[in-house]
Amino acid sequence: MWDDVLAEKEQQEVKRLPLPPFTLETALQKVQLAEDAWNSKDPEKVSLAYTVDTEWRNRTDFINGREEVKAFLTRKWAKELDYRLKKELWGFRENRMAVRFEYEWHDTDGQWYRSYGNELWEFDENGLMRKRFASINDAPILETERRIN
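Along each chain, numbering runs from 1 in the same order as the chain's sequence is written. Under the rules for a predicted model, residues below a pLDDT of 70 receive no local features and side-chain atom pairs below 80 are neither given nor counted, while totals for whole chains, interfaces and linings still include all residues. The basis for every side-chain value is the complete set of heavy atoms in the structure, and neither hydrogens nor water enter the calculation.

**A short note on the environment of Thr74**
Helix and strand definitions follow DSSP, with helices as H or I runs of at least four residues and strands as E runs of at least two, each counted in order from the N terminus. Examined against the element boundaries, Thr74 turns out to sit in helix 4 (residues 66–79). Burial classes follow relative accessibility: with a 1.4 Å probe on protein chains only, a residue under 20% of its type's maximum area counts as buried, one over 50% as exposed, and anything between as partly exposed. Looking at Thr74, the relative accessible area reads 45%, which means it is partly exposed. Separated by 31 residues in sequence, Thr74 and Pro43 place their C-alpha atoms 6.0 Å apart. Reaching out from Thr74, the side chain makes a polar contact with the backbone oxygen of Lys70 at a distance of 2.8 Å. Here a polar contact means two N or O atoms within 3.5 Å. Within protein one must be a hydrogen donor candidate and the other an acceptor candidate, and residues neighboring in sequence count only if both atoms are side-chain atoms.

**Here's the deal with empty space enclosed by the protein**
To find leftover empty space, one rolls a probe the size of a water molecule over the atoms. Here a cavity is any set of points on a 1 Å grid over the protein atoms alone where a 1.4 Å probe fits but cannot get out, and a pocket is any open set with protein on both sides within 12 Å along at least 5 of 7 lines; a residue lines the site when it has an atom within 4 Å of a point. Grid points are joined across faces, edges and corners, and a volume is the space filled by probe spheres set on the points. Within this structure, the stated rule accounts for 1 cavity of 30 Å³ or more. Here the largest cavity is characterised by a volume of approximately 60 Å³. Taken together, Trp38, Asn58, Lys76, Tyr83, Leu85, Lys87, Phe101, Tyr103, Glu119, Arg132 and Ile136 make up the full set of residues lining the largest cavity. Elements with a contribution of two residues or more to the lining of the largest cavity: strand 3 (81–93), strand 4 (96–106) and strand 6 (129–141).

**Side note on a nonpolar patch on the surface**
To count toward a patch, a residue needs a relative accessible area over 30% and no salt bridge; like charges are then connected within 9 Å, while nonpolar side chains (Val, Leu, Ile, Met, Phe, Trp, Tyr) are connected within 5 Å. Note on areas: Shrake-Rupley, 1.4 Å probe, and residue coverage restricted to the protein chains presented here. Here a salt bridge means any side-chain nitrogen of Lys or Arg lying within 4 Å of a carboxyl oxygen belonging to Asp or Glu. Together, Leu24, Leu28 and Phe92 give the surface a local cluster of nonpolar side chains, amounting to about 270 Å² of exposed area. Here Phe92 is to be found in strand 3.

**A word on the pairing of strand 4**
When you tally the buried positions in strand 4, you get 9 out of 11 residues, the bulk of the element. As judged from the 10 bridges shared by strand 3 and strand 4, these two strands associate in the antiparallel manner. Looking across to strand 4, one finds that Phe92 is bridged to Met97. Counting the residues in the hairpin turn of strand 3 and strand 4 gives 2 residues, including Glu94, whose phi is positive at 50 degrees. A pair of strands counts as paired when DSSP detects no fewer than two bridges linking them. As defined by bridge partners, strand 4 adjoins strand 5 (residues 112–123) across 11 bridges and the pair is classed as antiparallel. Within strand 5, the position partnered with Arg96 by the bridge is Glu122.

This is the structure:
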């Protein structure tokens, strides 16, 4: 048990550059790093950008902690096939950001979707995301209407 406590403390102290407070340059870097990580579709890799006690709202799901993030992302990318994401910085201040995004994916029946949304992010002093609140809408599209490659 003590090893688990030490490992958790060590993970919490890892720094994920760039660190807040953000400048325009570092905010843009943080958004691009998030986009790249999510496009990897690797739940383990993505989860390491979040605090061990991160809080999320994703649509109607409330997710607490890095382990729940990994489980959520595993389910998400099993359902949302050929997922491809584009993020855009909307605004920032100190340790918070607003991000606009869209992504495309298809289901097992071959129906394509473009999902649109906004996220609010809050980071801790080590650059790990402590809070993520996402509002997302899905629009069915034809495969020929795809624009994110």
